[in-house]
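# Commentary on secondary and tertiary structure
Next come the chains, spelled out residue by residue.
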Amino acid sequence: ATTLGASAAARNRYFGAAIAASKLGDSTYTTILKREFTSVTAENEMKWDATEPSRGVFSYTAGDRILNQAQANGQKVRGHALAWHSQMPGWAQALSGSTLRSAMLNHITQVATHYKGKIHSWDVVNEAFADDGRGSRRDSSLQRTGNDWIEAAFKAARAADPGAKLCYNDYNTDGVNAKSTAVYTMVKDFKARGVPIDCVGFQSHLTDNAPADYQANLQRFADLGVDVQITELDIAGNNQTAAYTAVTKACLAVSRCTGITVWGIRDSDSWRTGTNPLLFDASGNKKAAYTAVLNTL
Ligand code: XIL
């Protein structure tokens, strides 16, 4: 096939991009978006600060624009993210303890209900583990509501939208290391105790290379009985063509790897300013990494 989306579909997978509602009037951007991708993620528009700017006051305008545009283009939508220590609205940052816990659970219930039936996979909890090399939970106000905050979040999401796949999503979990092993242990425990979880997202904000054990890491999670997804792929530095090829091959080699999402379309759209980590240049031309991914799919 001649596009990322069609080639991935031939391998029973989606190929997605994170997009911004503010760019939907840019025709270079929307031309690539419609042509290449079969899934979209809102880069910011479905986060807590965007969807509940004041407590109990929900704002879905920008998120709905992304959803409606995707549906009009026949693309499916990944939900990102229901509970995360970052991009919390100011009012929630001011809460703690049981008040924060109920605000978080209400947020999940409301947002997942609003988008019920329209999201293929939700990042229910994002980035809950630390980078301390010991696999600790990240210290955050959410974590301080009690160690069971993650399973409470997943249960609330399942109750609100039973049809969505519920994912745990994180970065620096792309290879086998203390952080990914801590996530692995949590997922294994959730599966053993019947806590609802369906997928693990690997952000894959990489530089130069994918870890040598990238595929093995995806596989060990898949072997727990969850899907795996590459959720925010971008690769800075040298060797982009080889690294994108390696990530694509790894996903194809793991039968439960259901799709890949790149975190933006053109280099100029990337949050990693100045690193040109994406598949299209600032003018919208296909880069060598694009061709490598297409030919690997
Ligand atoms: C980033 C967005 O790309 C930026 O526009 C925003 O300013 C900050 O967040 N991990 C995630 C994403 O889960 O939500 C982040 O997205 C990138 C890191």
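As recorded in an unreviewed UniProt entry, the chain goes by the name Beta-xylanase, listed as coming from Actinoplanes sichuanensis. As recorded by UniProt, the Catalytic activity (unreviewed entry) comment attached to the chain reads in full: "Endohydrolysis of (1->4)-beta-D-xylosidic linkages in xylans." UniProt annotates the chain under Sequence similarities (unreviewed entry) with the comment "Belongs to the glycosyl hydrolase 10 (cellulase F) family."

On inspection of all chains with the given rule, the structure shows 18 salt bridges. With its nearest N and O atoms 2.8 Å apart, the salt bridge here joins Asp198 to Arg158. Of this pair, Asp198 sits in the loop between helix 8 (178-193) and strand 6 (199-202) while Arg158 sits in helix 7 (residues 149-160), and the two are 40 residues apart along the sequence. Judged by relative accessible area, Asp198 falls into the buried class, the value being 19%. Among the residues examined, Arg158 registers a relative accessible area of 25% and is labelled partly exposed. In this structure, a network of salt bridges that share partners links the residues Lys23, Asp26, Arg266 and Asp269.

Enumeration according to the criterion identifies 2 disulfides in this entry. A sulfur-sulfur distance of 2.1 Å marks the disulfide that ties Cys167 to Cys199. Judged by the sign of its S-S torsion, about -90 degrees, the cystine formed by Cys167 and Cys199 is left-handed. Remark: Cys199 occurs in strand 6 and Cys167 occurs in strand 5 (residues 165-170); sequence separation between them is 32 residues. Each member of the pair Cys167 and Cys199 is classed as buried.

In this section: the site of the ligand. Contacts to the ligand come from 13 residues, most closely from Glu43, Lys47, His80, Asn126 and Glu232. Within the side chain of Glu43, a nitrogen or oxygen atom sits 2.4 Å from an oxygen atom of the ligand. Expressed as a share of its isolated accessible area of 410 Å², the protein-covered part of the ligand is 78%. Counted by class, the shell around the ligand contains 3 nonpolar, 6 polar and 4 charged residues.

Criteria and thresholds
- Residues numbered from 1 in each chain as written.
- Predicted model: local features only at pLDDT ≥ 70, side-chain atom pairs only at ≥ 80, totals over all residues.
- Heavy atoms only, no water.
- UniProt positions renumbered as here; feature names shortened; annotations may be inferred.
- Salt bridge = Lys/Arg side-chain N within 4 Å of Asp/Glu carboxyl O.
- Helix = DSSP H or I, 4+ residues; strand = E, 2+ residues; numbered from the N terminus.
- Buried < 20%, exposed > 50% of the residue type's maximum accessible area, 1.4 Å probe, protein only.
- Disulfide = S-S within 2.5 Å.
- Near = heavy atom within 4 Å.
- Polar contact = N/O pair within 3.5 Å; in protein donor to acceptor, adjacent residues only side chain to side chain.
- Areas by Shrake-Rupley, 256 points an atom, 1.4 Å probe, with all protein chains shown as cover.
- Nonpolar A, V, L, I, M, F, W, Y, C, P; charged D, E, K, R; others polar.

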